[in-house]
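Next come the chains, spelled out residue by residue.
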Amino acid sequence: MFITKVTFQETTRRFVVNEPCTYSELWDLVAKRFELPETATGTLRYTDPDGDLISLSTDGELQEALQLVSNADPPLLRMQLALDQKEGATAAASTWCGALSDDKSKGDDESEDSVVVVDGEEEEAGAEEAAAAAAAAKEAEEKAQALAAEQQALEAAAQAEEEKKRKEEEEEANRLAAIELAKQLEEEERVEAERRRQEEEEEAAKRAEAAAKRAAEEEARRKEEEEESRRAEAERQQELERVRREEEEKLRLAAEEERRQEEERARAAAEERMRQEEEQRRQEEAVRAEEEERRQAEAAAEKEKERKEEEARVREE
C-alpha cells in the first residue's frame, strides 16, 4: 500500500493505492477522481531524487517509481497530471470543475445564455464563469482536504487499533509464556520427585535382590543335595528299567516272529485261494466264449437261411 498525491492544474488529489497496481489501474483511478471524460488521454509525471521530471506510461516505470518511495515513511508518490491536447484539457477541466459544483446545470445555462450579442455582456459572463470555476475549484480543494483529513483520521484510527491489537497480542503472549513457564517448573518438580522415587525404589530393589540372592544360594545348595539323592535313585531305577526293557524286548521279538510266521501262512493261503479263483474265472470265461461262438454261429446260419428264402421269393416273383 502506498499514498499518491496527483496535481492537475491548481488541484491536488490524495488517495491510497494497494499493491500490486498496474499503470492502467492507476490511470483509471486518477481519471475517476478528477472526473475526466473516457476519451481523455494524458501523462503522469513525478520528480526523481535528481530533480528530473520522469513520465510514466508502463507498468515497469510505475514499479521503478514505487521502489524509489518504498523506503519513505509514509511511502508517498507525488505526481503531476498533464492531458495530451489543449482543447481536451480545457474541456476536461471545465467538466471536472462544473461536476464539483452543486449548481452545475444552472451554471451551464447561464454561461450559454450570457454569450449573446454585445462584447461587454460577453466579458461580464466570462468573468462570472471564471469566478464560479474558481469557487468550485476552491470548494473541491476544501473537500479534498477534508477527505484527506478523514483518510488520515481513519489511518490513525487503524494504526491505533493495530497498536492496541499488538499490545493485546503481546499481553496474551506474555500470559501464555508465564503459563508455559509455570508448567515447565511444575514438570521439573514432577521429574525431580519421580527421580527421587525411582532412586528409593532402586535402593529397595537392591536390598531385596541381595536378600533374594542369599536365599537363592541356600536354596541352590539344598536343591543340589536333593538332586544328588535323586540322581542316585534315578540311576538305580534306570538299571532296573534297563533289565525290564531287555526282558520285554525278548518277549516282543518272540511275539513278532510268531506273528510273522502266522502272516506268512495266511498270505500263502490267500495266494492259493486267489489262484483257485483265477483258475475258476478262466474256466468260466472259456465257457462264455464257447457260448458266444455258438450264438454267433446260430445267428450266421439264421441270416444265411433268411437270405436264401429271400432269393427264393425273388426268383418266384
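Going along each chain's sequence as written, the residues are numbered from 1 onward. At least 70 in pLDDT is required for a residue's local features to be given in this predicted model, at least 80 for side-chain atom pairs to be given and counted, and no such filter applies to totals for whole chains, interfaces and linings, which use all residues. To get the side-chain values, all heavy atoms of the structure are used, and hydrogens and water are removed first.

S.K.: Can you walk me through the sheet that holds strand β5 (residues 76–83) in this structure?
M.R.: Strands in a sheet are paired, the pairing made by backbone hydrogen bonds, and the direction either parallel or antiparallel. Across the sheet, 5 strands lie side by side as β2-β1-β5-β3-β4; this open sheet has mixed pairing. Two strands bound the open sheet, and with one partner strand each, they are β2 (11–17) and β4 (53–56). Looking at each pair of strands side by side, their axes are set apart by 30 degrees on average, direction ignored. Residue contacts follow a heavy-atom distance rule, with two residues in contact if any of their heavy atoms lie within 4.5 Å. Whenever a helix is involved, its axis is fitted only over the stretch in contact; in every case the axis is a line through C-alpha atoms, and angles between N-to-C directions fall within 0 to 180 degrees. Put simply, DSSP H or I for four residues or longer makes a helix, DSSP E for two residues or longer makes a strand, and each gets a number counted from the N terminus. With respect to the sheet, helix α1 (residues 23–33) is in contact with β1 (2–8), β2, β3 (42–47), β4 and β5, its orientation differing from that of β2 by roughly 135 degrees. A pair of strands is labelled paired if DSSP reports no fewer than 2 bridges between them.

S.K.: I tried to follow the pattern of salt bridges on my own but got confused; where do I start?
M.R.: Opposite charge on two side chains makes pairing possible when the charged atoms of those side chains draw close. Salt bridge, as used here: a side-chain nitrogen of Lys or Arg that lies within 4 Å of a carboxyl oxygen of Asp or Glu. Tallied over the entire structure, the rule returns 38 salt bridges. The partner of R222 in a salt bridge is E219, and the shortest N-O contact between them spans 1.9 Å. Here E219 and R222 lie together in helix α5 (residues 119–316), a separation of 3 residues that amounts to about one turn. A salt bridge links E241 to R245, with the nearest nitrogen and oxygen atoms 3.6 Å apart. Of this pair, E241 and R245 both sit in helix α5, 4 residues apart, which is roughly one turn of that helix. Buried, partly exposed and exposed residues are distinguished by accessible area as a fraction of the type maximum, computed with a 1.4 Å probe on protein chains only: under 20%, between the cut-offs, and over 50%, respectively. Take E241: its relative accessible area is 27%, and that puts it in the partly exposed class. Looking at R245, the relative accessible area reads 45%, which means it is partly exposed. Linked through salt bridges whose partners overlap, the residues forming this network are E219, R222, E226, E227 and R230.

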